Structure formats: C-alpha cells, structure tokens
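Chain and residue survey
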Amino acid sequence: MDKPNVVLGVSGGIAAYKACELLRRLTESGHDVRVVPTASALHFVGEATWSALSGHPAGTEVWESVHEVPHVRIGQRADLVVVAPATADMLAKAAHGLADDLLTNTLLTARCPVVFAPAMHTEMWENAATQENVATLRRRGAIVIEPAVGRLTGVDTGKGRLPEPGEIFEVCRRVLARGAEGAAADLAGRHVVVSAGGTREPLDPVRYLGNRSSGKQGYALARTAVARGARVTLVAANSELPDPAGADVVHVGTAVQLREAVLKAAADADAVVMAAAVADFRPAHYAEGKIKKRDGAEPEPVALVRNPDVLAELSAERARPGQVVVGFAAETDHVLENGRAKLARKGCDLLVVNEVGERRTFGSETNEAVVLAPDGTETPVPYGPKEALADTVWDLVARRLA
Ligand code: CTP
C-alpha cells in the first residue's frame, strides 16, 4: 500500500524545533512527509535538517523546481496538511487566502484535511484579529487545535505554547483515519465538555476515598473530539495522563470541584460527556490533622454524605436547548438491565454501559460497551481501543446535534 502523504508546514516561530520531533514520529510510523517551511522558519531550523529528516527537498518558494509545478502538486497529492507551529501571521494568511510562498500556495490547493497547531505569545493568540482568523479557518472545516498553557519564549508563561509533538501526532493520526471516511471535522464549531478520571474525597491531609479510574476513556474522548474539529474542555480528576493537544484542561480533585468545573464549562457547550468516575459519597468530616491510630482502641467509623449527582443535574437543567448529555455506567452484573434503569433515572440522552471487573476496563487500553438511548436503541461497540468507543460516542452525538 502507498504511504499516506503528509505535508508538514512549518512557520517562523521558536517552536519550529519541536516540529522535528513531529516529523520523526510521522516518518517512523509509515508516512511520506514533505516539509514546507516558510522563509522565517528557516531562521530557527535550517533546510538541511528538514530535508535530511524527511528525505525530500524542503524549499520555501514556488520558484524552485518550477517544471514540477510544486505550488499545486504538493497540496493536491496530500492526504493531510499539518502546520506546526502555525504563527499568527500564518493563520492570518491562511484565513485570507494569501499565497506568497510555497506553504500558503499549498494550503490553497490542498483538498485534504488541514490541521493548524498554533504557537505564539498569549497576547497575539488572544488578539481579536487572530481569534477571528481562527474562527474563519474553523468555520471552513480546518482543525485548529488550541495552544497549550505553559512556559513561552523568555520568562513569560501563558496560553500559546505548542502542544507536545507526541500529542500533535495523535491528532494527525486520528484526522488521517477519519479523513478517509470523509468526515474529518464533523464537530467543527462545536464546544464539547468531557469529564475524565476519578474523584478523590479527602479524609485528612494524607488520605482519601478514591476509585480505580485511569482517565484513559475520557482522554480518548477529548483527543478524538479535537481531531474532529471541536473546541474541547477536559475536566480531569486525578489523572496522570499528559494533557491532550488542543484541549483546555481543568484539573480537579473532588466531586464538588468537578461539579463546579463541569457546570461552568457546560454553560455554552453543545455536548457534555461524563466519563469521570465521580464518588457518590464523601466523608462527612474532614480531619484538619492526620488521623492517628490509638493503641488498643477500635477505629472510628467513617461517616459519609452524598455528593451531588452531576450527570442528573446536567440532564435535568440543560444549559442550552439541544445540548446533548452523555453518561457512562460501569456495571458488574445485569449490565443492560441496570443500564436501562440508570439511563431513565439520570435522564441523559445516551448512556455508555460497560461491564467492569477485576481484569476489565480499568487502566486498560481497550473497552467494550453498548450505548443506550431513551428510544430503546442499542449501539454495540465491539471490543477494541478506547478511541473506537470514543468515535462511536461522537458519531451518535454529532447525529443528534445535526
Ligand atoms: N456521576 C455524576 N455524579 C455522581 C456520580 C456519578 O455525574 N455523583 C456520573 C458519572 O460521571 C457517570 C454516571 O454518572 O457518567 C455513572 O453513574 P454511577 O455512579 O455509575 O451510577 P449511580 O447512579 O451512582 O448508580 P450505582 O452506583 O448504583 O451503580
């Protein structure tokens, strides 16, 4: 089989050095990558590096190898164009259809999915001009992934960092897979909220009641939604996983904190997917100092109180008309029967039911589930990667939003 053709566009920001790692990941996983830097990008990383790593010339202008008509052919042949880093200037040119070098020409001729991974200072990212250019590109079906928050050039920190190359690679992989189905950006223009991980309810400064959720299913939901063009808020409870590229991540600890973060993000969301394992109860009392054992004495019983049920609350009071609310249910027995009852009790639009046990689901890379809907439909999702289940959830959500 032919290798997928990827164009890696590199514009002139310091994060250009990170694109070398993205290039390596793409080539090592069997993609034929053509790097198209801008002239400014070459101030940061030279042409020799790009051509040596990609095995192709890496010119910046349309006047080189003119007989091969590169300004048209490179875009036409591409299965995916990814621009990383995408500077404010590059986003502006792309949004306005300018074509003054090889990369901007390529963007105009490409008919395949296009991913932009912006990187710039926070002020430039937040500038109304940049935000409008990003909105324009998204409206036209491009996938513009949100920059990460963190250290920027110099001493500044804030939003504007290029996400980790490994995470951008994951977005590219997902977009390529979906591009073949012709539905790369079916969540473009949508805001989705995903909760992930497991809450921890503190007993004292060193102990908590928790659960075994790894967060992998919720992170897979966030990652796949980014690759389908959505703006994603991920509310992550105690997960060790790296922040997915392009998602706004809010880290929380307890059920009460998770509720607050989810409700806030849900205010303007088109869909909310509650994949987090939220503790139903929390200790009634929090000991300010560490609870000590006393010789010979029986331990004190731990009194519990109910936590708010976030899924039921979201379902009962939709923040927006037509908002799609999705719940998850982990059951050990009578899986479908319990699932149906839970769907009715919680009042959500879809409930993903899976069977859990000692060896199943927790921490694993795979899942098997059935998605239940109130009209009685059941969508079985065969045993497979958590991303496949995530895509099925988004297929069902996208259908409801359409
Ligand atoms: N959930 C929630 N808030 C809670 C508890 C759960 O939003 N306090 C959400 C989870 O994110 C998940 C779904 O509800 O989407 C799972 O509910 P679960 O706790 O499994 O169901 P329960 O109604 O608590 O039923 P049971 O514990 O009896 O199985």
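Look a little higher up for the structure.
Residues numbered from 1 in each chain as written. Predicted model: local features only at pLDDT ≥ 70, side-chain atom pairs only at ≥ 80, totals over all residues. Heavy atoms only, no water.

Focus: the overall build of the protein chain
Stated formally: For the purposes of this entry, the term helix denotes a DSSP run of H or I that reaches at least four residues, the term strand denotes a run of E that reaches at least two, and both are numbered from the N terminus. Our radius of gyration is a C-alpha quantity, and the globule rule it is checked against amounts to 2.2 Å times the number of residues to the power 0.38. Partly exposed residues are those whose accessible area sits between 20% and 50% of the maximum for their type, while under 20% is buried and over 50% is exposed, using a 1.4 Å probe and protein chains only. Any two residues whose heavy atoms approach within 4.5 Å are treated as being in contact. Residue exposure ignores everything except the shown protein chains as possible cover, and the areas themselves are Shrake-Rupley values with a 1.4 Å probe.
Assigned secondary structure in the protein chain consists of 14 helices and 19 strands. Over its C-alpha trace the protein chain gives a radius of gyration of 23 Å, about what one expects of a compact globule, namely 21 Å for 402 residues. Over its C-alpha atoms, taken along the principal directions, the protein chain stretches across nearly 85 × 50 × 40 Å. A burial count over the protein chain gives 52% of its 402 residues as buried. Once local pairs closer than 6 in sequence are excluded, the contacts in the protein chain between residues at least 24 apart make up 68%. When the accessible area of the protein chain is evaluated, it comes to approximately 18900 Å², of which 52% is carbon and sulfur surface.

Here we look at the sheet that holds strand E3 (residues 80-86)
Heads up, the rule is: Strands were regarded as paired on the criterion that DSSP finds at least two bridges between them. Fitting a line to C-alpha atoms yields each axis, with helices limited to the stretch in contact; the angle taken between N-to-C directions then spans 0 to 180 degrees.
Pairing is parallel in the open sheet, where five strands are placed in the order E2-E1-E3-E4-E5. Strands with a single pairing partner mark the edges of an open sheet, and in this sheet they are strand E2 (32-37) and strand E5 (143-144). Taken together, the four bridges between strand E1 (residues 5-10) and E3 define a ladder with parallel strand orientation. Note that in E3 the partner of Val7 across the bridge is Val81. Each of E1, E2 and E3 touches helix H1 (residues 16-28); the most contacted strand, E1, lies at about 175° to it.

A word on the site of the ligand
Stated precisely, the cut-off is as follows: Whether a residue is near a molecule or strand depends on its heavy atoms: if one lies within 4 Å, it is near. N or O atoms closer than or at 3.5 Å make up a polar contact, with two conditions inside protein: a donor-capable atom paired with an acceptor-capable one, and, for residues adjacent in sequence, both atoms drawn from side chains.
The full set close to the ligand counts 14 residues, and Met274, Ala276, Leu311, Phe328 and Lys342 are the nearest of them. Between the ligand and Ala276, the relevant distance is 2.7 Å, taken from an oxygen atom to a main-chain nitrogen or oxygen of the residue. The separation between an oxygen atom of the ligand and a polar main-chain atom of Phe328 is 2.9 Å. With the chains in place, 78% of the 580 Å² that the ligand exposes on its own is no longer accessible. Secondary structure elements with two or more residues in the shell around the ligand: helix H12 (310-316), strand E16 (324-331) and helix H13 (335-346).

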